[in-house]
Amino acid sequence: MTGFSFFRLSPAPSSPPPSSTTRQLSAYLPSPRELTNYMREALTNPAQGYYTRRGGVGESGDFVTSPEMSQVFGELIGVWYVSEWMAAGKPGAFQLVELGPGRGSLTHDILRVFKQLASLLSKCDISIHLVEVSPRLSEIQAQMLTGGQVQSSPRDDPVYMKGISKTGIPISWYRDIQDVPQGYSFYLAHEFFDALPIHKFQRTDRGWREVLVDEDPEVPDQLRFVLAPSATPVCLCWPCDFSILLAHRLEKDGGAALIADYGHDGTKTDTFRGFRNHKLHDVLKAPGTADLTADVDFSYLRKMTQGRTATLGPIKQREFLKNMGIDLRLQVLLQNSQDTATQKQLRNSYDMLMNPKKMGDCFNFFALLPHHRLTYPDQKDNTQPRAPLVPVAGFGELSLK
Ligand code: SAH
């Protein structure tokens with residue numbers, strides 16, 4: 001999300017001297033350029049972008065995510081969607097739309113839950129829709145979810161790949177969320193918003209100025225931050241675009257969105273950073289070879305929904321998972337596992353997900369829901385008794401009543 005930088009910056013020169021640093025990566029962009037354009041090129045440029053070319057999710061990559069660590073994570077999220085589907089009166093069809101599925105592990109674990117609950121879901125027409133820009137990662141997802149049984153479409157087709165999951169559910173791949181068909185949908189974005197390009201600003205004597213990325217005239221092949229000499233017309237950054245679109249869709253078609261990410265509720269400023277080989281990496285060095293990320297400001301996402309949907313959270317990952325019954329699930333898995341190595345692995349991954357010093361506190365869950373899910377529409381006849389609204393799982397303590 002929009003971050004605010006407090007380090008010292010030089011003003012942007014009017015005509016930057018040429019250098020070879022980023023010519024390969026972003027020859028098309030004028031320099032100095034907005035951070036959001038720099039990030040977009042560094043992450044998703046078709047030939048050189050980090051996700052498109054490298055996409056290092058997983059232990060052998062640059063960062064490990066919760067679904068990669070433990071099957072329990074995706075299972076509990078699967079239960080969350082089934083619970084919301086039931087609370088909505090079991091509609092006859094739903095789409096599960098995952099934004100940025102990485103290696104596909106999360107949807108894989110969710111599909112296992114759908115299969116286990118097949119008797120409950122048998123009359124429901126389910127389809128999976130994956131929004132992924134990386135050809136490399138979409139191949140890994142196809143392998144994970146369908147065993148590689150997919151059909152590719154011509155380049156200009158918005159659905160660039162189709163297949164059937166190992167559990168028999170149709171899956172479609174898109175580059176852009178706008179191309180996902182409208183309809184009652186459950187959206188999922190795990191570590192997706194933090195990968196979207198941001199703008200950055202600094203307060204100066206003359207008001208807020210945008211932070212730009214420029215080639216360093218003193219040092220060949222080096223980039224530096226500069227300040228825009230005057231106020232820049234700032235268009236919305238991508239996280240805002242996505243949250244507005246989700247809110248519009250949920251208001252119109254119904255469903256729910258679950259967003260889980262590094263983040264805060266408007267309490268932090270500059271969180272822009274890079275990761276390479278599990279270590280912090282200078283965001284301006286070797287663009288395209290490292291993951292660039294910024295914490296999600298959930299207060300801003302809430303603002304961007306502009307009252308079209310209700311929101312819940314952010315709530316810390318360890319609280320959400322606890323409310324979803326992670327302790328019980330761990331006990332069942334421990335009882336079912338025969339060897340001590342598996343039990344150790346289960347305990348270690350539980351600790352990674354839940355420990356406040358690991359992922360338990362810095363990751364948050366946030367939900368967008370249609371208003372009627374949380375509050376009754378104004379009813380003229382107040383004399384009719386009302387059935388209590390079903391609480392939203394995960395955001396309050398699990399009630400076993
Ligand atoms: N959700 C996964 C992966 C997170 S990494 C997990 O938790 O393991 C971010 C994912 O978003 C990657 O799959 C990346 O290729 C994808 N991505 C990044 N920018 C994107 C964009 N603009 N549109 C669609 N997908 C994008």
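On a predicted model such as this, the values are computed, not experimentally measured, just so you know.

Chemist: So what exactly am I meant to see when it comes to the nonpolar core here?
Modeler: A general feature of soluble globular proteins is that nonpolar side chains tend to end up buried together. Of all hydrophobic cores here, the largest spans 48 residues; its most connected members are Trp80 and Leu258. The greatest single-element share of this core, amounting to eight residues, is contributed by helix H5 (residues 71–87). Judged by nonpolar contacts, the second largest core, of 23 residues, contains Ile177, Val180, Leu245 and Ala257.

Chemist: Please clarify how the site of the ligand should be interpreted in this entry.
Modeler: The full set close to the ligand counts 20 residues, and Thr65, Gly100, Gly102, Glu132 and His190 are the nearest of them. Surface burial for the ligand is 98%, taken as the share of its 570 Å² of free accessible area covered by protein chains.

Chemist: Could you clarify how one ought to interpret the pattern of salt bridges in this entry?
Modeler: Where side chains of opposite charge bring their charged atoms close, a pairing between them can arise. Following the criterion strictly, the structure yields 16 salt bridges and no others. Arginine 273 serves as the salt-bridge partner of aspartate 295, at 3.0 Å between the closest nitrogen and oxygen. Taken together, the positions of aspartate 295 in the loop between strand S16 (291–293) and strand S17 (296–297) and arginine 273 in strand S14 (residues 273–276) put the pair 22 residues apart, joining distant regions of the chain. Here aspartate 295 and arginine 273 have matching classes, each one buried. Between aspartate 282 and lysine 285 there is a salt bridge, with its nearest N and O atoms 3.6 Å apart. Under the relative-accessibility criterion, aspartate 282 is labelled partly exposed at 39%. Overall, lysine 285 belongs to the partly exposed group, its relative accessible area being 43%. Ionic contacts of the salt-bridge type, sharing partners, join the residues Glu75, Asp109, Arg112 and Arg329 into one network.

Chemist: Any chance you could explain the packing of H5 against helix H12 (residues 326–336) here in plain terms?
Modeler: Axes are the key here: two packed helices are described by the angle between their axes and the distance separating the axes. Two numbers describe how H5 lies on H12: the axes approach to 11 Å, and their chain directions differ by 130°. One way to sum up the angle between H5 and H12 is to call them oblique. In terms of crossing hand, the pair formed by H5 and H12 is right-handed. Of H12, the residues touching H5 (which contributes Gln71, Val72, Glu75 and Leu76) are Ile326, Arg329 and Leu333. Residues of the contact of H5 with H12, tallied by class, amount to four nonpolar, one polar and two charged.

Chemist: Would you mind showing me how to read the packing of H5 against helix H6 (residues 105–116) here?
Modeler: It is at 7 Å that the axes of H5 and H6 come closest, and there the two elements cross at 55°. In this view, H5 runs oblique relative to H6, as classed from their interaxial angle. At the point where H5 passes H6, the crossing takes the right-handed sense. Here Gln71, Phe73, Gly74, Glu75, Ile77, Gly78, Val79, Tyr81 and Val82 of H5 lie close against H6, whose contacting residues are Leu106, Asp109, Ile110, Arg112, Val113 and Phe114. Looking at side-chain class alone, the contact of H5 with H6 contains nine nonpolar, three polar and three charged residues.

Chemist: Any chance you could explain the pairing of strand S11 (residues 207–215) here in plain terms?
Modeler: Successive side chains on a regular strand alternate, one facing one side of the sheet and the next facing the other. In terms of burial, S11 is a largely internal element, seven of the nine residues being buried. As paired strands, strand S3 (residues 33–34) and S11 are joined by two bridges and run antiparallel to one another. For arginine 33, the partnering residue across the bridge sits in S11 and is valine 213. In terms of strand pairing, strand S10 (residues 200–204) meets S11 through four bridges, oriented antiparallel. Note on S11: the bridge partner recorded for glutamine 202 is arginine 209. Where S11 and strand S12 (residues 223–227) come together, five bridges link them in antiparallel fashion. Across the sheet, valine 211 pairs through a bridge with leucine 227, a residue of S12.

Chemist: Explain the pairing of strand S7 (residues 159–164) here, please?
Modeler: The pairing of strand S6 (residues 150–152) with S7 spans three bridges and is classified as antiparallel. What sits directly across from valine 150, in S7, is glycine 163. Of the strand pairs in this sheet, S7 and strand S8 (residues 170–174) are connected by five bridges, and their pairing is antiparallel. Bridging from a neighbouring strand, methionine 161 pairs with tryptophan 173 of S8. A loop of five residues connects S7 with S8, the two strands running antiparallel in sequence, and glycine 168 in this loop sits at a positive phi of about 90°.

Chemist: Explain the sheet that holds S16 here, please?
Modeler: Strand order across the open sheet formed by three strands is S15-S14-S16, with antiparallel pairing between neighbours. With one partner strand each, in any of the chains shown, strand S15 (279–281) and S16 form the two edges of the open sheet. With strand direction ignored, the average angle separating the axes of adjacent strands in the sheet is 40°. With three bridges joining them, S14 and S16 adopt antiparallel strand pairing. Across the sheet, the residue bridging to glycine 274 is leucine 292, located in S16.

About the cut-offs
Residues numbered from 1 in each chain as written. Predicted model: local features only at pLDDT ≥ 70, side-chain atom pairs only at ≥ 80, totals over all residues. Heavy atoms only, no water. Core = buried A, V, L, I, M, F, W, Y, C linked by side-chain atoms within 4.5 Å. Buried < 20%, exposed > 50% of the residue type's maximum accessible area, 1.4 Å probe, protein only. Helix = DSSP H or I, 4+ residues; strand = E, 2+ residues; numbered from the N terminus. Near = heavy atom within 4 Å. Areas by Shrake-Rupley, 256 points an atom, 1.4 Å probe, with all protein chains shown as cover. Salt bridge = Lys/Arg side-chain N within 4 Å of Asp/Glu carboxyl O. Axes fitted to C-alpha atoms, helices over the stretch in contact; angles between N-to-C directions. Parallel < 35°, antiparallel > 145°, perpendicular 65-115°, else oblique. Left-handed = near helix turned anticlockwise from the far one by under 90°. Contact = heavy atoms within 4.5 Å. Nonpolar A, V, L, I, M, F, W, Y, C, P; charged D, E, K, R; others polar. Pairing = 2+ DSSP bridges.

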